[in-house]
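Observations on chain architecture
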Amino acid sequence: MDNSLKCPQIHTVEDPTQTNLICSGIPVVFPYKPYPSQVEYISSVIEACESSKHALLESATGTGKTLSLLCGSLAWLKQKRASCPELNYPKVIYSSRTHAQLAQIVGQLRKTVYRPSMCILASRDHTCINKEARKYSGSQLNITCMRLKKIKKCPYAKGTRENLIKLRGKLLDLEDFRSECKSIGWCPFYAARELIPAADLLLLPYNYILDLMYHSMFRQIQYANSIVIFDEAHNVQSVAEDAWSFDFSIEWLKKCVGEIDAAKMVKESILRGEGKYDNIAAEVKNITMEELDFVKYPIINLMEYLKKVENVGEEGLTFDGKMLIELFIKGTGYSKDSSTVKDGLSLLNSNTYSTILGNCSELLAPLNLGAQITLWFQTISMVFWFMSNEKQAEFSSAFKFLNKVNCNTHDYKLLLHDDCEKDKRKEKNKEKKKEKSEGEFRSLKAFCFNPGFSFMVILEKNPRSIILTSGTLTPMELIERDLRMNFSIKLAQGHIIDDNQVLTQIITHDYDNSKFNFNYENRNNTKQIYSLGKLIKEISINTTGGVLVFFTSYIMLNKYYGIWKADMIPLIQNAGRRVYRENADSQKNAELMKEYKESIKRSLGAVFFAVCRGKVSEGMDFFGSEARTAIVVGVPFPAATCKRVVLKRQYLDEHHEILGVNSQMWYIQEAMRTVNQSLGRIIPVSYTHLRAHETSLHLVCRLLLEKKKKKKK
């Protein structure tokens, strides 16, 4: 570790207005006079840290759990750092779902007296400040970045150590960190990696912990003896499942083959001595055509094999996960008894396979290619891992920490299906040529339904404690079973707001006394859509402040919004309320939300139409008049016809005795958690006041979050 970056202690600032506490024997400074529930929460955090136990902590939205979590963990860390050996002092690895939530965490941290050495981690998509590289995204951006760095064409690739020290101790969100790095001439992505070893507090999205791909990208993270926190953890299970799921599509496999062919063309140019690629390293140039073919032909075989499977269609064919290896072996041309499988495993064990693919990517770098080959290696590594487990073989040294993880294909479901919409478009274009496209848009998806795999990997790295916290974690025993973990400390708190301060109203009928029904069959009922629009208009124009309206999907949101655009929305706008609609693009949505909050300050109010499980409903905080009313249209069950949901339910029914939950229980729990998250956006306040607006047939209730003047009397 570079001692110039290391802080021996966690610093604090003096603030006599803050409250001094003793929680579980540890001195804690809290920005305000805490509620009893906050003291209880902080004590549970410290107990988990001190006793090296894992914890599930549920505290409702608006109870100050993020502030309590920060103060509790940092107070414990401050005391621990004074007595820990220098080489193995603990850290706090604090994760949340999105970068927007992490920015809110930094805002909460600034309210405290604690000034840890901190570091915020993000991918190049969020941190790159090089104009040329930012033309790309994802894997392509990664490759372009590494190429520019290698040929010394990026001015931010390496700043001075003195300038990097200037970042130490500053409480910066991602936007501030990018600006600071740009001002000192450091690439934010690489500056963050330099700061990791000396940081007391690491902030990162939790898919960086759950997804193996990021373990190699941020290998400097020290999990051993550290506190690993998952805030807004109600989505941890689904994110962990996604991290271990993968697919092979014909379209993508074609791109992989295309990149290998491009690499062979570069190799041929080198063999001819044309001098176009003299900057490529000698060891990369030494890659042979045979090695490139070793990678190429199994991909072609797999592609042709998937095309030839009959009776697939739009509905697709489903298989148990144990078929994955058999399909892969048959598809690539390997046979279980042939030496090629052993050779393949041997290549991975010796890192030869990764070297071939690495050299292939290097050959492609001057062409700004290589993203598909990189993704192929990440995907194929997972399959080889399962093959290694079956043969009781050690996995490659690049993934050595996985050797003890008990993972098998029984926790997977496979779906082989055709994208019929793409097929139809392709057939229309090829109609005159009489060409067939059968199987051209086919893909094999492998869905993982065991989120415990990610946590097995983390546990192998020996963290001191893992803490999951959210407003919706109950029933906790089901989370324990799902993650295959034992959480010794559990806390489920009520809300600090009394029942008489909050009004929940279920509106079942419209103004004509017709029953609302937003199930799949009835959601496109035009009369119902207009009735709902009239109701939302009445609530909006009689609410001073923000109104959040949540739909179950973007499809439903966009359809209803499109219908209301001609009449209901202009009526809301004419009443002095601005109207906004959530955008699937994160950056555009952040701009819309900023404008929404600003418009509330300047006018009577505003309405924001959003989506359950979207950016607005998941962890975004609204204060004061920013959200006076929250409306959920329909019940946000997972999409019943979605193949992933169908297979998930099938998996749960097959394993319900082990997991303690069947498909119907899971289906209802998912909807209830989603409703709680959406409605919880209006809770982060201190006081409430209820008013009502009477219509001809119904009492339409609205929640205004204002100070209760009557309480003062």
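Below: a short report on this structure. What you are looking at is a predicted structure, and each value in this text was computed from that prediction instead of being measured. (Residues numbered from 1 in each chain as written. Predicted model: local features only at pLDDT ≥ 70, side-chain atom pairs only at ≥ 80, totals over all residues. Heavy atoms only, no water.)

On to the overall build of the protein chain, then. Secondary structure summary: the protein chain contains 29 helices and 21 strands in total. Looking at the protein chain as a whole, 54% of its 713 residues are labelled buried. Long-range contacts, defined here as pairs at least 24 residues apart, represent 77% of the contacts in the protein chain between residues at least 6 apart. Summing over all exposed atoms, the protein chain offers an accessible surface of approximately 32400 Å²; the carbon and sulfur share of this is 50%. (Helix = DSSP H or I, 4+ residues; strand = E, 2+ residues; numbered from the N terminus. Buried < 20%, exposed > 50% of the residue type's maximum accessible area, 1.4 Å probe, protein only. Contact = heavy atoms within 4.5 Å. Areas by Shrake-Rupley, 256 points an atom, 1.4 Å probe, with all protein chains shown as cover.)

For the structure on display, the rule yields 27 aromatic pairs. Each ring, one from F248 and one from W376, has its centre 6.0 Å from the other, and the planes form 65°; the classification is edge-to-face. With F248 in strand 10 (residues 246–249) and W376 in helix 18 (residues 371–390), the pair connects residues that are 128 residues apart, well separated along the chain. Both residues of the pair, F248 and W376, count as buried. Grouped by ring-pair contacts, the aromatic residues W244, F246, F248, W252, W376, Y412 and F453 constitute a single cluster. Over the aromatic face of F622 sits the side chain of K597, whose NZ or CZ is 5.0 Å from the ring centroid. (Phe/Tyr/Trp six-rings, centres within 6.5 Å; stacked < 30°, edge-to-face > 60°. Lys NZ or Arg CZ within 6 Å of the ring centre and 35° of its normal.)

Below, the discussion takes up the sheet that holds strand 5 (residues 92–96). The strands making up a sheet associate through hydrogen bonds between their backbones, and the pairing can be parallel or antiparallel. In spatial order, the strands read 7-8-5-9-14-4-15; together these seven strands make up an open sheet with parallel pairing. The open sheet terminates on both sides in strands that have one partner only, identified here as strand 7 (118–120) and strand 15 (489–492). In this sheet, adjacent strand axes meet at a mean angle of 15° when their direction is disregarded. Sheet topology places strand 9 (residues 227–230) next to strand 14 (residues 465–470); four bridges connect them, and they run parallel. In the sheet register, I229 faces strand 14, and the bridge partner there is I467. Against the sheet, helix 3 (residues 99–109) contacts strand 5, strand 7 and strand 8 (201–205), and its axis sits at roughly 155° relative to strand 8. (Pairing = 2+ DSSP bridges. Axes fitted to C-alpha atoms, helices over the stretch in contact; angles between N-to-C directions.)

In this section: the nonpolar core. Within the largest apolar cluster, 98 residues are counted, with the highest numbers of intra-cluster contacts made by F230, F455, I467 and L468. With eight residues, helix 2 (residues 65–81) is the largest single contributor of residues to this core. In terms of nonpolar packing, the next biggest core, distinct from the first, is built from 56 residues, F248, I287, M382 and V383 among them. (Core = buried A, V, L, I, M, F, W, Y, C linked by side-chain atoms within 4.5 Å.)

As a packed pair, helix 1 (residues 36–51) and helix 2 sit with axes 9 Å apart at the nearest point and diverge in direction by 40°. Here helix 1 is positioned oblique relative to helix 2, judged by the angle of their axes. Note that helix 1 runs across helix 2; the crossing there is right-handed. Contacts from Q38, Y41, I42, V45, I46, C49 and E50 of helix 1 reach helix 2 at K65, S68, L69, G72, S73, W76 and K80. A per-class count over the contact of helix 1 with helix 2 returns seven nonpolar, four polar and three charged. (Parallel < 35°, antiparallel > 145°, perpendicular 65-115°, else oblique. Left-handed = near helix turned anticlockwise from the far one by under 90°. Nonpolar A, V, L, I, M, F, W, Y, C, P; charged D, E, K, R; others polar.)

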